[in-house]
Amino acid sequence: MSSFKSKFSHLPRAAAGPLTCPYKGASVLQSSQFNKGSAFPHHERDAFKLHGLLPPNIQTLDEQVQRAYQQYSSRSDDLAKNTFLSSMKAQNEVLYYNLVQTHLKEMFSVIYTPTEGDAIQNYSRLFRKPEGCFLNINDQERIDESLSAFGVVEDIDYIVVSDGEEILGIGDQGVGAILISVAKLVITTLCAGIHPSRQLPVVLDCGTDNEELLSDDLYLGLRQHRERGQKYDDFVDKFVQAARKRFPRAYIHFEDFGLSNARRILNRYQSQISCFNDDIQGTGCVTLAAMLAALQVSSVKLEDVRVVIFGSGTAGIGIADQIAETIATETNKSKDDASKQIWCIDKPGLLVKSLDQKLTDGQRSFARDDKDWSDNERDLQSVIKKVQPHVLIGTSTKPGAFTEDAIREMARHVERPIVFPLSNPTRLHEAKPDDLYKWTEGKALVATGSPFEPVNYKGTEYEIAECNNSTCFPGIGLGAVLSQCRLISKKMLVAAVEALKAESPALKDSNKPLLPDVQNVREISVNIAAAVIKCAVEEGLAQQDGIPDNDAELREWIQAQMWEAGYRPLVGEK
């Protein structure tokens, strides 16, 4: 990378060259951004007054990673490992990110789902040191003052904000949501090189309806039930406006908002600012990429595909929307006609128009005419029998919902059933991959919402694709940050999907997974970012000057601005 890093070394986010450190002595060691621990070379120990504060032997980053991995491995369970990594991140961010990057496949489930869910549930009990920005609904006048503690106009590129109502399949976690904001930002750094010093995790504490938290004497959040209505809307709006005023170039990523708010908030702001909702758009993009790859493998045309979605909450309707948008874009159908290729099921059964006020705005687009569906035809088994879907997607958090009868019924009508049990954590999956291969005699094309070991069926090994948003949303965010796009358009998301689909191993070997492994994600993020940036330029949404128009140079330009977990030389302030 050195050749193009020097070429683009003038860029403000260039990830090479010396860093200016404003601290001396113990303060350097207390800064996770500048701390190198035992790796400080002699001349930096001199310059920053570190002699006597460190043992004398100077080690390499690789040696530090080796020691840290031994310490990590000695921890008794995944939650203890998660806590160990959080502590390391607070001490030395380069060592933390290098350790996780080195062992990404092993550690991903510890730093994210499912273990991060356990950490969030235990946030108030495991609390040691605050990280991020805590805003509460009863103190709205202090929002700007609180944000001001995190820098000035040029300092923040990427904000993740959550109100904690629907966290990782575990529901309302109140103030513990700060950890999902932190975790998402960790992933943007690991997977797309977003600079950790240019990120801001935020929690909007609106109270909680989780009675277990409210009755816990150690709970750190507002001890009240969730505020809703106008006060809630005003709170969200004051945050968005304050964030845009203080950090006008920052991209805002909404995370784990509740069903009644997620789409409403996205709809309100997506035509005004550069923002994204991962539960709606990220889940939709990665699932669509896997589906498009599966359709290509099974020789089913997009204009003919029939899709059943079981679980029509934020994620399910986000996926339905993304599929409908793509069908409409690629086949020149209207959005209404494209929506007719998708059947959505939720707790009342198949969504039908007579449910009316019980439907969310997003669900209404997919509600079917009652006259076509009798009351006893609206369960999953009956819908599969009548629709004969090519694709079955689960976002219900209802374990075992995809029964043997349902899957065998599906396999009777299509050659290669495409089945995506996406609910997480693992215990909430609608079906296990080994059952899906057994029930379809090895014909299923499968992607899951959590990692699974390969399945061996009659001597053939099938690797299981994980519909992991982390292969998609970091690249989209990187493209948005570097292009300084005014908005995230539908075409930009379609471009991201196509870039991810192009990396599908199944397109070369149908026994391979439908999506690439997260281990290869940095290269994938470059491709996604390049697609997003080119689309932003074409649509007139990019505000950054000097974006290369040559593909090879654009990739170099992107990579030069991706942060890497390596120690850079430190220089003192002049």
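Note: the structure precedes this text.
Keep in mind that what you see is a predicted model, and the values were worked out from it rather than measured.

*Asks:* Quick question: what am I supposed to make of the overall build of the protein here?
*Replies:* A tally of helices and strands in the protein yields 25 helices and 16 strands. Against the compact-globule benchmark of 25 Å for 574 residues, the protein has a radius of gyration of 24 Å, which places it among compact chains. In terms of its C-alpha atoms, the protein occupies a principal-axis envelope of roughly 80 × 55 × 50 Å. Relative to its full complement of 574 residues, the protein shows a buried share of 58%.

*Asks:* Got a minute to help me understand the layout of surface pockets in this structure?
*Replies:* Empty space left among the atoms is revealed by rolling a probe the size of a water molecule over them. Computed from the structure, the second largest pocket encloses a volume of approximately 1,100 Å³. Forming the walls of the second largest pocket are 39 residues, and the residues nearest its centre are Gly169, Ala315, Thr395, Thr397 and Ser423. Elements with a minimum of two residues in the lining of the second largest pocket: α15 (278–298), α16 (314–331) and β8 (342–346). With four residues, α15 is the single largest residue contributor to the lining of the second largest pocket. Tallied by class, residues from the lining of the second largest pocket come to eleven nonpolar, 18 polar and ten charged.

*Asks:* In this structure, what is going on with the nonpolar core? I would like to understand it.
*Replies:* For soluble globular proteins, the rule of thumb is that nonpolar side chains tend to be buried together. Among the nonpolar cores identified, the biggest contains 158 residues, and Leu85, Ile476, Leu514 and Ile558 are the most heavily contacted of them. Residues within four places of Leu85 in sequence aside, it is in contact with Tyr72, Tyr96, Leu99, Val100, Met107, Val110 and Ile111.

*Asks:* Can you walk me through the sheet that holds strand β3 (residues 158–162) in this structure?
*Replies:* Within a beta sheet, neighbouring strands are joined by backbone hydrogen bonds and run either parallel or antiparallel to one another. Spatial ordering of the open sheet is given by β2-β4-β3-β5-β6, a layout of five strands whose pairing is parallel. The outermost strands of the open sheet, each flanked by one partner alone, are β2 (133–136) and β6 (275–277). The sheet shows a mean angle of 20 degrees between the axes of neighbouring strands, taken without regard to direction. Pairing between β3 and strand β5 (residues 251–254): four bridges, direction parallel. Each residue of the ladder has a partner; that of Ile159, found in β5, is Ile252. Strands β2, β3, β4 (199–205) and β5 of the sheet are contacted by helix α13 (residues 230–246), whose axis makes an angle of about 160 degrees with β4. Sitting on the sheet, helix α22 (residues 473–483) is in contact with β3, β5 and β6, with an inclination near 155 degrees to β5.

*Asks:* How should the side chain of Glu466 be read in this particular structure?
*Replies:* Examined against the element boundaries, Glu466 turns out to sit in strand β15 (residues 465–466). For Glu466, which is buried and forms no salt bridge, the nearest opposite charge comes from Lys105, at a distance of 6.9 Å. The contacts of Glu466, once residues within four sequence positions are left out, are Thr448, Gly449, Ser450, Pro451 and Leu515.

*Asks:* Teacher, can you tell me more about the sheet that holds β8 here?
*Replies:* Sheet architecture is open: seven strands sit in the order β9-β8-β7-β10-β11-β12-β15, paired in mixed fashion. The two strands at the open ends of the sheet, each matched to only one other strand, are β9 (349–350) and β15. Of the strand pairs in this sheet, strand β12 (residues 445–448) and β15 are connected by two bridges, and their pairing is parallel. Among the inter-strand pairings, Thr448 is bridged to a residue of β15, identified as Glu466.

*Asks:* Explain the packing of aromatic side chains to me, please; I cannot follow it from the model alone.
*Replies:* Aromatic rings considered in pairs are described by the distance between their centres and by the relative angle of their planes. Per the stated rule, a full pass over the model turns up twelve aromatic pairs. Residues Tyr97 and Trp563 carry aromatic rings whose centres are separated by 5.4 Å and whose planes lie at 75 degrees to one another, so their mutual orientation is edge-to-face. In this pair, Tyr97 is assigned in helix α6 (residues 93–102) and Trp563 in the loop between α25 (551–560) and β16 (570–572), connecting sequence segments 466 residues apart. Owing to a relative accessible area of 2%, Tyr97 belongs among the buried residues under this scheme. Residue Trp563 is classed as buried on the basis of its relative accessible area of 9%. Between the aromatic rings of Tyr437 and Tyr462, the centroid separation amounts to 4.4 Å while the plane-to-plane angle is 20 degrees, which identifies the pairing as stacked. In this pair, Tyr437 sits in helix α21 (residues 433–439) while Tyr462 sits in strand β14 (residues 460–462), placing the two residues 25 residues apart along the sequence. Taking the relative accessible area as the measure of exposure, Tyr437 reaches 3% and is therefore buried.

*Asks:* Help me understand the environment of Gln173, please; the structure alone is not making it clear to me.
*Replies:* Secondary-structure assignment places Gln173 in the loop between β3 and α11 (178–192). With 220 residues separating them in the primary sequence, Gln173 and Ile393 have C-alpha atoms 26 Å apart.

*Asks:* Looking at this structure, I do not really get the pattern of salt bridges. What am I missing?
*Replies:* This structure, assessed with the given rule, holds 38 salt bridges. Between Asp361 and Arg364 there is a salt bridge, with the nearest N and O atoms lying 2.8 Å from each other. Here Asp361 and its partner Arg364 are both found in helix α18 (residues 361–364), three residues apart, which amounts to about one turn of the helix. On the accessibility criterion, Asp361 (58% relative accessible area) is exposed. Salt bridges here are not isolated pairs; linked through shared partners, they connect Arg263, Asp321, Glu325, Lys335 and Lys490.

*Asks:* Even after reading the chapter, I still don't get the state of the cysteines, so can you show me in this structure?
*Replies:* As used in these notes, a disulfide is a covalent bond between sulfur atoms, one from each of two cysteines. By the definition in use, this model includes zero disulfides. Distance from the sulfur of Cys344, which forms no disulfide, to the nearest cysteine sulfur (Cys467) is 16 Å. A relative accessible area of 0% means that Cys344 is categorised as buried. For Cys485, which is in no disulfide, the shortest distance to another cysteine sulfur is to Cys275 and amounts to 9.9 Å. On the basis of relative accessibility, which here comes to 5%, the residue Cys485 falls in the buried class.

About the thresholds
- Residues numbered from 1 in each chain as written.
- Predicted model: local features only at pLDDT ≥ 70, side-chain atom pairs only at ≥ 80, totals over all residues.
- Heavy atoms only, no water.
- Helix = DSSP H or I, 4+ residues; strand = E, 2+ residues; numbered from the N terminus.
- Rg over C-alpha atoms; globule rule 2.2 N^0.38 Å.
- Buried < 20%, exposed > 50% of the residue type's maximum accessible area, 1.4 Å probe, protein only.
- 1 Å grid on protein atoms, 1.4 Å probe; cavity = no way out; pocket = protein on both sides within 12 Å on 5 of 7 lines; lining within 4 Å.
- Points joined across faces, edges and corners; volume = space filled by probe spheres on them.
- Nonpolar A, V, L, I, M, F, W, Y, C, P; charged D, E, K, R; others polar.
- Core = buried A, V, L, I, M, F, W, Y, C linked by side-chain atoms within 4.5 Å.
- Contact = heavy atoms within 4.5 Å.
- Pairing = 2+ DSSP bridges.
- Axes fitted to C-alpha atoms, helices over the stretch in contact; angles between N-to-C directions.
- Lys, Arg positive; Asp, Glu negative; His and termini not counted.
- Salt bridge = Lys/Arg side-chain N within 4 Å of Asp/Glu carboxyl O.
- Phe/Tyr/Trp six-rings, centres within 6.5 Å; stacked < 30°, edge-to-face > 60°.
- Disulfide = S-S within 2.5 Å.

Shape is all these values report; function is a separate question.
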